[in-house]
Amino acid sequence: MWMLQLPREKLEAGLTSNLQSLILSLNSRLIHLSTMDKHPLPGLPLCAIDAQTLTVYPIYGDRNLERMMNLKTSLDALTMEAAVLGGAVLGCGGGGKLEDGLYLGELAAAQGGAHFSQSTDLPEQAAAVAVMPFHTSGSDTYQIHPRQAHAAMEMLQDNVQTSVVGLANGGLGAVDSIIGWELSGFLGLPLLDGGILASYHPASLLNLLTYWQETAETETFTVSLAGRFHNGQRHRRHLWHGRPAELLQQVSTLPSPQKESYVAATGPLRPADLRPATVSHTLRVGQAMLAASDDGGEATVTALQAVLPTDFSTFATVTEINWQGPDQDPTGHIKLRDEKNRQLQLVYNQRYQELTIEGKETAVFPDVIITLGILGTPLTGEEVFIGQDLY
């Protein structure tokens, strides 16, 4: 990895004389630099500066300046809200809470640079990768540090045999759906309109590795992790290459009793790994919700029925909630009574897994099973309570 440490006094004294434009994202820790000079700084076609450490990071992907400078930020405030809301619905109550997704989305929109490609087709001799947060036991932060993202990406880039030109989201949810946008801004790579939608594990990295173990057990992949202990005092890096079962074994050796936060990069992804139009469909669902948001929950349900293959919807009141299993991974049984006086039950573990009506199984994940509050807000299983009215 290369980096350039800039003394603050040089930055303030006009280092930008070598640069055509200096774009400050005032609400972000990142300052994006670009140059259209005939003689740009060596090795600095496009970069980002961590505003706290003034460390310059390379941005990956196509080094063609004209093409890169024509990239436009796609993540404005409304797109961000649509990505979070659509992700909350399609994630079936999993993939993070709405408030966390909106917070990260605000940071990503302020940071700038995030963009997505409405395709999953890649040029020959090019690859897409998945980049995602990964936390060991006891760490529940979704925050991604740009230094860790660049370190993980650089290790992966150095160890795959082709150019990395795109990112794929590792999952769906209010948080998971916005992380790809955030990383697109950090790394200068487009977010591809395809996602990894396997459902083996709630942790995106373990989900992807388990999916590969089922579908590509003899192929080899690379995993890089850049992280730190939760107190930020020690930094750790790991790089593994092998078959999916071997990579799962390596990940299992991480010291889970420690509170550690990583960014993981893994790939190269195969075309079969990506379900097309995932990002654009997520945005359409979120945009439908935004358009109906001022009119409450019933209008939101109607809007969702127009963009989702909905077989069933009802208005019901929560009558009983029972949580069973270990504290770190409990399963919730949520009983409701609907407007037709029918007994409903939702089973929730990391996401809504099952809906039964009068004891009869009606929907099972990956069917889209969601709950909306009275105002149309998507809710996770942990957020519902006895006496609450839900759609």
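Placed above this text is the structure.
Note that the coordinates shown come from a computational prediction; the quantities given were computed from them, not determined experimentally.

*Asks:* Can you tell me about the overall build of the protein, naming the residues and giving the values?
*Replies:* The helix and strand tally for the protein stands at 10 helices and 21 strands. Within the span of the protein, comprising 391 residues, buried residues form 50% of the whole. A fraction of 66% describes how many contacts in the protein between residues 6 or more apart in sequence connect residues 24 or more apart. For the protein, the accessible surface area stands at approximately 18400 Å², while carbon and sulfur atoms represent 48% of it.

*Asks:* Describe the side chain of D338, with residues and values.
*Replies:* Structurally, the position occupied by D338 is in strand β15 (residues 331-338). Overall, D338 belongs to the buried group, its relative accessible area being 6%. Discounting residues that sit within four places of it in the chain, D338 has contacts with T314, F315, A316 and L344.

*Asks:* Can you tell me about the pattern of salt bridges, naming the residues and giving the values?
*Replies:* This model, assessed by the stated rule, comprises three salt bridges. Two residues, D273 and R270, come together in a salt bridge whose shortest N-O distance is 2.7 Å. Take D273 and R270: they sit in the same class, and that class is buried. With a closest N to O distance of 2.9 Å, R342 and D338 form a salt bridge. Taking relative accessible area as the criterion, R342 reaches 23% and is therefore assigned partly exposed. Here the salt bridges do not stand alone but share partners, grouping E219, R270 and D273 into one network.

*Asks:* Which residues make up the environment of L344, and what values do they have?
*Replies:* By the element assignment, L344 lies in strand β16 (residues 343-348). Considering only alpha carbons, one finds L344 and I334, 10 residues apart in sequence, at a separation of 8.2 Å. With sequence-adjacent residues up to four places away left out, L344 is seen in contact with F312, T314, I334, K335, L336, D338, L355, T356 and I357.

*Asks:* Can you tell me about the environment of L104, naming the residues and giving the values?
*Replies:* Here L104 is to be found in helix α4 (residues 98-111). Residues L104 and I178 lie 74 residues apart in sequence; the distance between their C-alpha atoms is 7.2 Å.

*Asks:* Run through the packing of aromatic side chains, naming residues and quoting values.
*Replies:* In this structure the tally under the stated criterion is five aromatic pairs. For the pair F116 and W181, a centre-to-centre distance of 5.4 Å together with 65° between the ring planes defines the contact as edge-to-face. In this pair, F116 is assigned in strand β6 (residues 116-117) and W181 in helix α6 (residues 176-187), connecting sequence segments 65 residues apart. As far as the burial class goes, F116 and W181 line up, both buried. Pairing W323 with Y348 gives two aromatic rings, centres 6.3 Å apart and planes at 80°, and the pair type is edge-to-face. Residue W323 is found in strand β14 (residues 316-324), and its partner Y348 is found in strand β16; the two are separated by 25 residues along the sequence. Taking the relative accessible area as the measure of exposure, Y348 reaches 2% and is therefore buried.

*Asks:* How would you sum up the nonpolar core? Please name residues and give values.
*Replies:* In terms of nonpolar packing, the biggest core is built from 47 residues, with V131, I178, W181, L183 and L187 touching the most fellow members. The element that contributes the greatest number of residues to this core is helix α3 (residues 77-90), accounting for eight residues. Listed in part, the 26 residues of the second largest apolar core include A128, L192, V251 and Y262.

*Asks:* How would you explain unusual backbone geometry if you had to name every residue and give the values?
*Replies:* The omega torsion across G267 and P268 is 0°, close enough to zero to call that bond cis. Within the secondary structure layout, P268 lies in the loop between β12 (260-267) and β13 (275-276). Note the cis peptide between F365 and P366, where omega equals 20°. Here P366 shows up in the loop between β18 (360-364) and β19 (371-372).

Quick notes on the rules
Residues numbered from 1 in each chain as written. Predicted model: local features only at pLDDT ≥ 70, side-chain atom pairs only at ≥ 80, totals over all residues. Heavy atoms only, no water. Helix = DSSP H or I, 4+ residues; strand = E, 2+ residues; numbered from the N terminus. Buried < 20%, exposed > 50% of the residue type's maximum accessible area, 1.4 Å probe, protein only. Contact = heavy atoms within 4.5 Å. Areas by Shrake-Rupley, 256 points an atom, 1.4 Å probe, with all protein chains shown as cover. Salt bridge = Lys/Arg side-chain N within 4 Å of Asp/Glu carboxyl O. Phe/Tyr/Trp six-rings, centres within 6.5 Å; stacked < 30°, edge-to-face > 60°. Core = buried A, V, L, I, M, F, W, Y, C linked by side-chain atoms within 4.5 Å.

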